[in-house]
Amino acid sequence: MQGLLLPQPGAPAAPAHPPDPETSAFGFGAIVGRSRVLRDAVKLAKRMAASRTTVLLVGATGSGKELFARGIHYEGVTAREPFVAVNCAAIPEMLLESELFGEEGRRAGLVELAGRGTLFLDEVSATPLTLQPKLLRLLEGGRFRRLGGSEEVEVACRIVAASNVSLEEAVA
């Protein structure tokens, strides 16, 4: 997994430039600013976009984590595949597993809907402890089990996760 620490919102920066009309809605062109830190973060994100590696974006609320996730998706190897975003903090704990992994015989979850594209897990730090082993299985082996299912499902989606807290510090 690759990590990318985003600059804090409100940090001193050079004047913003207008976004590129070709990529402003989805690519890195939507990220405006000229600070060296921001340019370095975009450069690193572009390198990550060229592979299918799992990415963790860490930054304060408002620092542009979803813009970076969309840039990594739409300017990378997964550009022609779905981009599925889920805010882990906005879904009640009891529903999150069903939303992510689906229910056997009833419906596909967001992981399956991402297909060979990107699953963006925003505020992944809000994921309940009981769900974390299932997420780990997905991250390590690209496999999961639907709710009520007995067989594992294999998927090839890229995971981009975001957190407004350092996960390393949170578990220390």
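Not measured: the values here are computed from a predicted model. (Residues numbered from 1 in each chain as written. Predicted model: local features only at pLDDT ≥ 70, side-chain atom pairs only at ≥ 80, totals over all residues. Heavy atoms only, no water.)

A. A look at helix α1 (residues 36-49). Its 14 residues give α1 an end-to-end C-alpha distance of 20 Å, which sits within 8% of 20 Å, the value for a rise of 1.5 Å per residue. Of the positions making up α1, those classed as buried are Leu38, Ala41, Val42, Ala45, Met48 and Ala49. End-on, the buried residues of α1 take up no more than an arc of 115°, which puts them together on one face. Exposed and oriented more than 90 degrees from the buried face of α1 are Arg36, Lys43 and Arg47. (Helix = DSSP H or I, 4+ residues; strand = E, 2+ residues; numbered from the N terminus. Expected span 1.5 Å × (residues − 1). Buried < 20%, exposed > 50% of the residue type's maximum accessible area, 1.4 Å probe, protein only. Arc of directions from axis to C-beta.)

B. A look at the pairing of strand β7 (residues 158-163). The buried fraction of β7 is high, at six of six residues. In β7, alternate side chains face the same way, and those of Arg158, Val160 and Ala162 on one face and Ile159, Ala161 and Ser163 on the other are all buried. Inspection of the sheet shows strand β2 (residues 55-58) paired to β7 by four bridges, in the parallel sense. Residue pairing across strands places Val55 opposite Val160, the latter belonging to β7. As paired elements, strand β4 (residues 118-122) and β7 share four bridges and run parallel to each other. (Pairing = 2+ DSSP bridges.)

C. Highlighting the confidence of the model for the protein chain. Overall, the prediction assigns the protein chain a mean pLDDT of 84, with 83% of residues at 70 or greater. Summarising per-element confidence for the protein chain, the mean pLDDT is lowest in strand β1 (residues 2-5) (55) and highest in β4 (96). Throughout residues 10-24 the model reports pLDDT below 50, and contacts reaching past four residues in sequence, or to other chains, amount to 21 contacts. (pLDDT = per-residue confidence, 0-100. Contact = heavy atoms within 4.5 Å.)

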